[in-house]
Amino acid sequence: MSHQQLLEEYAQGADLLTSAIAGMTPEQLDARPIPGKWSTRQVVCHLTDFEPIYADRIKRALVEENPTLMGGDPDVFASGLGYEVRDLENELNIIRTTRQQLLTILRNCDEAAFQRTGRHSRDGDLTIETLLKRITGHIPHHIKTIDEKKQALGI
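Residues numbered from 1 in each chain as written. Predicted model: local features only at pLDDT ≥ 70, side-chain atom pairs only at ≥ 80, totals over all residues. Heavy atoms only, no water.

Let's talk about the packing of aromatic side chains
How two aromatic rings sit relative to each other is set out by the distance from centre to centre and by the angle between their planes.
Here is step 1: Scanning the entire structure with this criterion turns up two aromatic pairs.
Here is step 2: Between Trp 38 and Tyr 83 the ring centres are 6.4 Å apart and the planes differ by 85°, which places this aromatic pair in the edge-to-face class. With Trp 38 in the loop between helix 3 (26-30) and helix 4 (40-63) and Tyr 83 in the loop between helix 5 (74-80) and helix 6 (88-106), this residue pair connects regions lying 45 residues apart in the sequence. Across the pair, exposure class does not vary: Trp 38 and Tyr 83 are buried alike.
Here is step 3: The ring of Tyr 54 carries Arg 57 above its face, with NZ or CZ at 4.7 Å from the centroid. (Phe/Tyr/Trp six-rings, centres within 6.5 Å; stacked < 30°, edge-to-face > 60°. Helix = DSSP H or I, 4+ residues; strand = E, 2+ residues; numbered from the N terminus. Buried < 20%, exposed > 50% of the residue type's maximum accessible area, 1.4 Å probe, protein only. Lys NZ or Arg CZ within 6 Å of the ring centre and 35° of its normal.)

What about helix 7 (residues 128-153)?
Here is step 1: Between its first and last C-alpha, helix 7 extends 38 Å over 26 residues, near the 38 Å set by a 1.5 Å rise per residue.
Here is step 2: Positive phi appears at Gly 154, one or two residues downstream of helix 7, with a value of about 75°. (Expected span 1.5 Å × (residues − 1).)

What to know about the environment of Pro 140
Here is step 1: Secondary-structure assignment places Pro 140 in helix 7.
Here is step 2: With 127 residues separating them along the chain, Pro 140 and Gly 13 place their C-alpha atoms 7.5 Å apart.

Let's talk about the packing of helix 6 against helix 7
Here is step 1: At their nearest, the axes of helix 6 and helix 7 sit 13 Å apart, and the two run at 150° to each other. Compared by their axis directions, helix 6 and helix 7 come out roughly antiparallel. Crossing hand, helix 6 versus helix 7: left-handed. Residues Ile 95, Arg 99 and Leu 106 of helix 6 touch helix 7, and the partners they reach there are Ile 128, Leu 132, Ile 135, Thr 136 and Ile 139.
Here is step 2: Across the contact of helix 6 with helix 7, the residue classes break down as six nonpolar, one polar and one charged. (Axes fitted to C-alpha atoms, helices over the stretch in contact; angles between N-to-C directions. Parallel < 35°, antiparallel > 145°, perpendicular 65-115°, else oblique. Left-handed = near helix turned anticlockwise from the far one by under 90°. Contact = heavy atoms within 4.5 Å. Nonpolar A, V, L, I, M, F, W, Y, C, P; charged D, E, K, R; others polar.)

Things to note about the packing of helix 4 against helix 7
Here is step 1: The N-to-C vectors of helix 4 and helix 7 enclose an angle of 175°; their axes lie 10 Å apart at closest approach. The pairing of helix 4 with helix 7 is recorded here as roughly antiparallel in orientation. Of the residues in helix 7, those touching helix 4 at Thr 40, Val 43, His 46, Leu 47, Phe 50, Glu 51, Tyr 54, Arg 57, Ile 58, Ala 61 and Leu 62 are Ile 128, Leu 131, Leu 132, Arg 134, Ile 135, His 138, Ile 139, His 142, Thr 145, Ile 146 and Lys 149.
Here is step 2: In the contact of helix 4 with helix 7, the residues fall into 13 nonpolar, five polar and four charged.

Brief notes about the sheet that holds strand 1 (residues 68-69)
Hydrogen bonding along the main chain pairs the strands of a sheet, whether they run parallel or antiparallel.
Here is step 1: On the basis of which strands lie adjacent, the open sheet formed by three strands has the order 1-2-3 and mixed pairing. Both outer strands of the open sheet, strand 1 and strand 3 (124-127), are each paired with one neighbouring strand and no more. (Pairing = 2+ DSSP bridges.)

Quick look at unusual backbone geometry
Here is step 1: Positive phi outside glycine occurs at Asn 66, with the angle close to 45°.
Here is step 2: Within the fold, Asn 66 resides in the loop between helix 4 and strand 1.
Here is step 3: Relative accessible area serves as the criterion here: at 31%, Asn 66 is assigned to the partly exposed category.

Read these as geometric descriptors, not functional statements.
Below, the structure is given as structure tokens:
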């Protein structure tokens, strides 16, 4: 896949997520129909929390020489960042705005920039291209889990 195609897929993420949760009631968003799995609201909050983290990783790899990129434990975030009370409109706006900003930056980079690296605390050296592929696939991956929850709820 070309970098241009990857950026186009990345650009669609917020709209995909918005469509996936459209029409869900607050009760459905907070339901946990699959034991041991997060609610849809928690999934959206998780996605939102990791958008600026990935944007920071990519930005730092663009401007620093092989910077250290810290990992984060999604379950620790979920347990301490008030997922149950966060407004999903705000969450979706953060995703949309973060992606719009990063798209402006990346669309103005040359091809060589996508091969710059950062050293992830767990995964080792990662290129900007790899980081972009990971965050681009993050929303579609979790939309599948949202669809499973909706199916379990009969919606």
